Amino acid sequence: MRGYRELLEKEVVELWRTYRLGLFCVLFIVLGIASAVITRYLPELDRLLARPGEDLGLEPTGIPDVVDFLVRNLVDFGGIAAILLAMGAVAGERSRGTTALVLARPVSRSAYLLAKLVAIAMTVGFATVLGVLGAWLWSMLFFELPPVLPWAQMAVLVWLAVLVPASITFLGSTVFDSPLGAAGLGLGAQVLFVLASATPTPSPLLPTQLAAVARGAALEGFDPGVEPPVTIAVAAGIVAVSLGIAWLRFRRRDL
Amino acid sequence: MDGPAISIQGLTKRFGKSTALDALDLEVAHGACLGILGPAGSGKSTLLRVVCGLARASGGAVTVAGERVRAGDGLAARRQLGYVPQEPGLPEWMTAREVLAFLADLSGVEGPDMTPRIDDTARQLVLADVLDRRVEDLPAPVRGRLGIAQALVADPYVLLLDEPFHWLDPEARVAARALLDRLRGRRTVVLATHRLADVEGLCDQVAVLDEGRFRFVGETRHFLEAYAPPVFVLELQATGGLAIEGVVARLGREPWAGEVKVIGTTLRVAVRDEARAARELLPAVIGTGVAIAGVRRARPALDAILAGLPPAAKRGASA
């Protein structure tokens, strides 16, 4: 894996200098804080919108509602942001000619690919930690002190859930010449997963079930039908298989 | 090092049904400067990309300094190489210094050697003043120079350049040519171009590539004499047709003059003996009473040269 360290360093600096790392973190922080703030003020907003004297029968909101909102927001919006982040990783650099400049040197193609995917995973991970931390702090202010370890587990699971569309898009970026083709593959896979899980009892084999697993981890209790080991293994498998296929495709590709 | 710097044997590259490189054989000696001359689409860029392991050969073999080149592998061969692509995709967000440091680092240049290498390369390509500016802020000719510098910074044993002068302004072109000239005998240089002027005076060997086949491989001097004799282009002051006919008739009697073409008031005079033509052409024309507005020396156009070359590729050529 000659050149991996230098390439990873370059990827991280590029993500920082081109503001993608910053924007990604800001998005996740906003989503995290908004989850707590909206949960806190949602009943009052509903009451404001109700007709005078009308009883909406609202129950008080709490930490479980914050977790629900947070996981859904980070997985859905974060997933789309991850697709945008990964779509040009290889295809964009290849079309600009930078890939040829780098790989004409004694650098292995596997190091090139791995450095890019690790940089994306690091960005998603860093942003997820900040987003969850924001939600945790505001939940502490509005409700009560959320448990640290279950929330940390939730953060890891959200990271994995966002990494799934990112890795599929990354695969597309090595297969297609255009970043748009890569984004199409990532979005297409997301739509398929969502459609497949739109049943009363979604299969634990679907990576979309990671949201339910993350929620259960934070609340220390899983809904019936949720099988964390199976869902986590499948999601991790999708990431690994995407990288594997990307490598098989890229190592034979003319640049 | 024993053996040639670059050895290409039976190299074939196909894209679907079309053949971009057709069973090429070539050997480039250590320290040689080889020009690969060919029109657009002749396969020059593909050949260089295969040699530096960016594209996979459909058949045949390439070695660089005795190391086999393989696309996606062959790191030992790529350690010996510096490559200047036709359009170097320099990372826009880096400074020029960071580009050179990053790519030198990938080529294995170690810490203490890094700064002197960068400074020396930048000085030779007149880049010292822009080292701390971002690539996105640099004009195209400066980027062109940086594109050459990134290949030279690791002091490679073999340098592959694909149309390296294309983006350069005249001043930078002179600097880059002088730099390549200084490498003569110490490093092996392969320069792909569609301009004969790039090869002339710089490359001691030339390989003419046309539709994926070599039409000529040999000494540049021999090639120029045999297939691209010089042409003197004279701009005559506006004058009557009879006067120009007189000039053509006069030149037709000179043993050193070849074919004379008339395009308006421009004469293109092919010459057989350049030294004599340089001495006698202007007096001969002025002697007919026609005034000369300008004169320059040129070479025939590439398509005209290709039309005069033998059609078949020679196997087993060496440069």
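Scroll up to find the structure this text is about.
Once a new chain begins, its residue numbering starts again from 1 and follows that chain's sequence as written. Chain labels run from A onward and ligand labels from 1 onward, assigned in the order the entries are written. Where totals are concerned, whole chains, interfaces and linings use all residues; where local detail is concerned, this predicted model gives features only for residues with pLDDT of at least 70, and gives and counts side-chain atom pairs only at 80 or more.

1. Describing the sheet that holds strand β14 (residues 292-298) of chain B
Residues and elements named next belong to chain B. This is how the line gets drawn: In this scheme, strands are said to pair when DSSP sees at least two bridges between them. The numbering of helices and of strands both runs from the N terminus, where a helix is a DSSP run of H or I of at least 4 residues and a strand a run of E of at least 2. Lines are fitted to the C-alpha atoms to define the axes, a helix being fitted only along its stretch in contact, and any angle between axes, read from their N-to-C directions, falls within 0 to 180 degrees. Remark: residues whose backbone-derived C-beta atoms lie within 7 Å of one another are considered to be in contact.
Strand order in this open sheet of four strands is β12-β13-β11-β14, and the pairing throughout is antiparallel. The strands lining the two open edges of the sheet, one partner per strand, are β12 (257-263) and β14. Averaged over all pairs of adjacent strands, the angle between strand axes in this sheet comes to 20°, irrespective of strand direction. Sheet topology note: the β12/strand β13 (residues 266-271) ladder contains five bridges and is antiparallel. Opposite Val260, over in β13, you have Val269 as the bridge partner. Packing of helix α10 (residues 274-286) onto the sheet brings it into contact with β11 (231-236), β12, β13 and β14, and relative to β14 it is tilted by some 165°.

2. What about the interface of chain B and chain A?
If you look at the interface, chain B gives 23 residues, while chain A gives 24 residues. Among the elements of the structure, α2 (75-78), β6 (81-84) and α3 (96-106) of chain B are those that each provide at least two residues to the side of chain B that touches chain A. Per-element accounting of the side of chain B that touches chain A gives the leading share, four residues, to α3(B).

3. Description of the pairing of strand β2 (residues 18-28) of chain B
Residues and elements named next belong to chain B. Taken together, the seven bridges between strand β1 (residues 6-15) and β2 define a ladder with antiparallel strand orientation. Looking at β2, one finds that Leu11 is bridged to Leu24. Once β1 ends, the chain turns through two residues before running back antiparallel as β2, passing Gly16 with a positive phi of about 65°.

4. Remarks on the nonpolar core
Convention followed: Nonpolar cores are identified as sets of buried Ala, Val, Leu, Ile, Met, Phe, Trp, Tyr and Cys residues joined via C-beta atoms within 7 Å. Buried, partly exposed and exposed are defined by the number of other C-beta atoms within 10 Å of a residue's own C-beta, namely 20 or more, between the two limits, and 12 or fewer respectively, with C-beta atoms placed from the backbone.
Residues A:Val158, A:Ala161, A:Ala214 and B:Leu160 are the most contacted members of the largest nonpolar core, which totals 159 residues. Per-element accounting of this core gives the leading share, 15 residues, to helix α7 (residues 148-175) of chain A. B:Leu236, B:Val247, B:Val269 and B:Ala277 belong to the second-largest nonpolar core, a separate cluster that totals 14 residues.

5. Observations concerning the environment of B:Phe232
All names here are of chain B. Position of Phe232 relative to the elements: it lies in strand β11. Judged by the 22 C-beta atoms lying within 10 Å of it, Phe232 falls in the buried class. Each residue touching Phe232, except ones within four places of it in the same chain, is listed here: Val269, Val271, Ala277, Leu281, Val295 and Arg297.

Note that every value here comes from positions in space, so none of it alone points to a role or purpose.
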